[in-house]
Amino acid sequence: MKFFDNIINSITKTIDKLPGIRRPQDHSLYNTFLGNYGWAQRRSDKPLGDFEVYYQALNNVYVHRCIQVEIDSLLATGFQINKLSEDEINTARTNYLYNLFNNPGGFKSEITYPMFHSQYLRSFEGTGDAFIELNHEELFQHKVPTGLTYIPSELLKWYDDTEQWGFRQIDIRYEPEELVHIHEPNIRLKSSKWGLCKIDKLGLAISIMFLGMRYNKNLLENDGIDPKAVISFDKDMDDQSFNNELARLAALKENGKKGGTLALKGGVFTSPSINIRDMDWEKLLTVSRDMTITCFGAQPSMVGVIETANLGTGSGESQKKNFKDTLQGRAAFITGAFNKALGHNGFDELFQFNDLDIEDKLNRAQIEDIRLKNGSLSINEVRRKYNEEPVAWGNVPMNYQNYAVTPNILNPTKIEPLNIDKAIDTVQKYKSDLYHSNIINYKGD
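Residues numbered from 1 in each chain as written. Predicted model: local features only at pLDDT ≥ 70, side-chain atom pairs only at ≥ 80, totals over all residues. Heavy atoms only, no water.

1. So, the pairing of strand S4 (residues 156-159)
1) Next: In terms of strand pairing, S4 meets strand S5 (residues 164-167) through four bridges, oriented antiparallel. Residue pairing across strands places Lys157 opposite Gly166, the latter belonging to S5.
2) Next: Counting the residues that bridge the hairpin from S4 to S5 gives four residues, and of these Glu163 lies at a positive phi of roughly 55°. (Pairing = 2+ DSSP bridges. Helix = DSSP H or I, 4+ residues; strand = E, 2+ residues; numbered from the N terminus.)

2. Some remarks on the packing of helix H4 (residues 61-77) against helix H6 (residues 113-127)
1) Next: Relative orientation of the contacting elements H4 and H6 amounts to 135°, with a least axis distance of 10 Å. Overall, the two elements H4 and H6 adopt an arrangement that is oblique. Handedness of the H4/H6 crossing: right-handed. For the pair formed by H4 and H6, the contact residues are His64, Ile67, Gln68, Glu70, Ile71, Leu74 and Leu75 on the first element and Tyr113, Pro114, His117, Ser118, Leu121, Arg122, Glu125 and Gly126 on the second.
2) Next: For the contact of H4 with H6, the per-class residue count stands at seven nonpolar, five polar and three charged. (Axes fitted to C-alpha atoms, helices over the stretch in contact; angles between N-to-C directions. Parallel < 35°, antiparallel > 145°, perpendicular 65-115°, else oblique. Left-handed = near helix turned anticlockwise from the far one by under 90°. Contact = heavy atoms within 4.5 Å. Nonpolar A, V, L, I, M, F, W, Y, C, P; charged D, E, K, R; others polar.)

3. Here we look at the side chain of His181
1) Next: Position of His181 among the secondary structure elements: in strand S6 (residues 179-183).
2) Next: On the accessibility criterion, His181 (15% relative accessible area) is buried.
3) Next: A polar side-chain atom of His181 sits 2.7 Å from a polar atom in the side chain of Asp129.
4) Next: Looking at His181, its side chain comes within polar contact range of the side chain of His183, at 3.4 Å.
5) Next: Beyond its immediate chain neighbours, meaning those up to four positions away, His181 contacts Asp129, Ala130, Phe131, Trp165, Lys193 and Ala337. (Buried < 20%, exposed > 50% of the residue type's maximum accessible area, 1.4 Å probe, protein only. Polar contact = N/O pair within 3.5 Å; in protein donor to acceptor, adjacent residues only side chain to side chain.)

4. What to know about the pattern of salt bridges
1) Next: Applying the stated criterion across every chain, the model contains 11 salt bridges.
2) Next: Across the pair Arg93 and Glu349 runs a salt bridge, and its minimum N-O distance is 3.1 Å. With a gap of 256 residues between them, Arg93 in helix H5 (residues 91-102) and Glu349 in the loop between helix H12 (316-344) and strand S9 (350-353) connect regions that are remote in the sequence.
3) Next: Judged by its relative accessible area of 28%, Arg93 falls in the partly exposed class.
4) Next: The class for Glu349 is buried, based on a relative accessible area of 1%.
5) Next: Linking Glu125 and Arg330 is a salt bridge whose minimum nitrogen-to-oxygen distance equals 3.0 Å. Of this pair, Glu125 sits in helix H6 while Arg330 sits in helix H12, and the two are 205 residues apart along the sequence.
6) Next: Looking at Arg330, the relative accessible area reads 10%, which means it is buried.
7) Next: Put simply, Glu125, Glu184, Lys198 and Arg330 are held in one network by salt bridges that share partners. (Salt bridge = Lys/Arg side-chain N within 4 Å of Asp/Glu carboxyl O.)

5. Thoughts on the nonpolar core
1) Next: Residues Tyr120, Ile182, Ile334, Phe338 and Phe351 are the most contacted members of the largest nonpolar core, which totals 57 residues.
2) Next: If you tally residues by element for this core, the top one is H12, at eight residues.
3) Next: Residues in contact with Ile182, not counting those within four places in the same chain, are Tyr120, Phe124, Gly128, Asp129, Ala130, Ile132, Phe333, Ile334, Ala337 and Phe338. (Core = buried A, V, L, I, M, F, W, Y, C linked by side-chain atoms within 4.5 Å.)

6. Digging into the packing of aromatic side chains
Remark: the centre distance and the inter-plane angle together describe each pair of aromatic rings, the angle taken between the planes.
1) Next: A full pass over the atoms with the stated rule returns 19 aromatic pairs.
2) Next: Ring plane angle 65° and centroid distance 6.1 Å describe the contact between Phe51 and Trp194, whose orientation is recorded as edge-to-face. Placement of Phe51 in helix H3 (residues 48-57) and of Trp194 in the loop between S6 and helix H7 (198-201) is noted, with a sequence separation of 143 residues between them. The two residues Phe51 and Trp194 agree in class, both being buried.
3) Next: Between Trp158 and Trp165, the ring centres sit 5.4 Å apart and the planes meet at 70°, which makes this aromatic pair edge-to-face. Accessibility classification places Trp158 together with Trp165 in one group, the buried group.
4) Next: An aromatic cluster of at least three residues, connected via ring pairs, comprises Phe79, Tyr98, Phe101, Tyr113, Phe116, Tyr120, Phe338, Phe351 and Phe353.
5) Next: Across from the ring centre of Tyr159, 5.0 Å away, lies the NZ or CZ of Lys157, which sits over that ring.
6) Next: Here the basic side chain of Arg173 rests over the ring of Tyr159, its NZ or CZ set 3.8 Å away from the ring centre. (Phe/Tyr/Trp six-rings, centres within 6.5 Å; stacked < 30°, edge-to-face > 60°. Lys NZ or Arg CZ within 6 Å of the ring centre and 35° of its normal.)

7. Structural notes on the confidence of the model for the protein
1) Next: Per-residue pLDDT for the protein averages 74, and the proportion of residues at 70 or more is 63%.
2) Next: Across residues 11-15 the pLDDT falls below 50, and counting only partners more than four positions away or on other chains, this stretch makes zero contacts in the model.
3) Next: Note that pLDDT drops below 50 for residues 440-445; the model gives that stretch zero contacts with residues more than four away or on any other chain. (pLDDT = per-residue confidence, 0-100.)

8. Some remarks on H3
1) Next: Listed as buried for H3 are Phe51, Tyr54 and Ala57. Projected onto a plane normal to the axis of H3, the buried residues spread over an arc of 120° and lie on a single side. In this structure, H3 carries Leu48 and Gln56 as exposed residues pointing more than 90 degrees from its buried face. (Arc of directions from axis to C-beta.)

9. Focus: H4
1) Next: Here H4 is 17 residues long and its end C-alpha atoms lie 24 Å apart, about the 24 Å a rise of 1.5 Å per residue gives.
2) Next: For H4, the full list of buried residues reads Val63, Cys66, Ile67, Gln68, Val69, Glu70, Ile71, Ser73, Leu74 and Thr77.
3) Next: Among the residues of H4, the N-terminal cap falls to Asn60, whose side-chain oxygen and the backbone nitrogen of Tyr62 are separated by 2.9 Å.
4) Next: Trailing H4 by a residue or two, Gly78 shows a phi angle of about 75°, which is positive. (Expected span 1.5 Å × (residues − 1).)

Quick look at the structure:
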């Protein structure tokens, strides 16, 4: 026994001596390399021109809808403030954080949680980065966050000299406890502080959609040469007669007659039409749309794509499951960034989104009915899932179908065989009593 006690004591002492997780980079060979040769790998910022491209791409209907689906889905789940240890919940601190997120601009501000949520999430998915400033006040000799302010990403840059985020060309920089940075990390050193942006992957697809629609728009407005009829005049026709015909056609156009007619003198017109198989804009638009939806991981039906034998041909349940997995992954980047900032401010409470409900309620009820009948589930187990009060006889599974047993109502824990003859006598007596009761009531009337 003493031998095992010595081992346990040795392990305990080792655990007690474990260091805190503070600045592991101080002992990193990678950081040593950057310190000696970082001048050759200077970190670059996102150019302001990139942000302009991102904001223009947000006007694309499918990009906008994919991001809106994510915003709406997370907003519908709601959020909660939790702790790793439920035995030590501080109600005052939990309620304070609830109020902080529900009123990010204060009680008198018009900014609500849904508006704030839409701002930072659209920035995160549209530009790759979202920045939120934690406003502070000096309370009880400590800085306490009293507000959350969204900051457009194009206003900030990373300063290597102080390892801080700050405003471009202005000497205002943030401490770790003052800023939340939501991003999916980049694997390149030169842009490692900035997040990955899906728009960069969709640049070609979005350009195809834009150019295709602009091309067709110009044709509809008759800005391009695409005549539907040709008038060919004799080459010996005098100039005055030819000009008179041109004037007549111009007058027709001025009166709103856009016929798309081409007049030629002594020439033959050959249509430069592009083969529809080589330039099928509708097909290109569909491919670009599918690329956008795939890149964002949205559920096609939620984006408004209702087709068969095409994008997302799996069952509705499987599509919802895939979208739920995608959404939980994106939500982890958001909650991780918020909780890191809350930890810097002395909070061990956690900001979390609630679970996305994708369950088919009818299918669930049918499964519960089958399990109740075969005795693999009790009444109270089902009622507990719906937050309903238990019943006295509901703790014992019932299995009428296979074993013909029923719980004893007077003693719910006792199972007794079902007496068929007794049950028949009971039903007949009930029918007889009901018959005589009706006769008495009839005579009484």
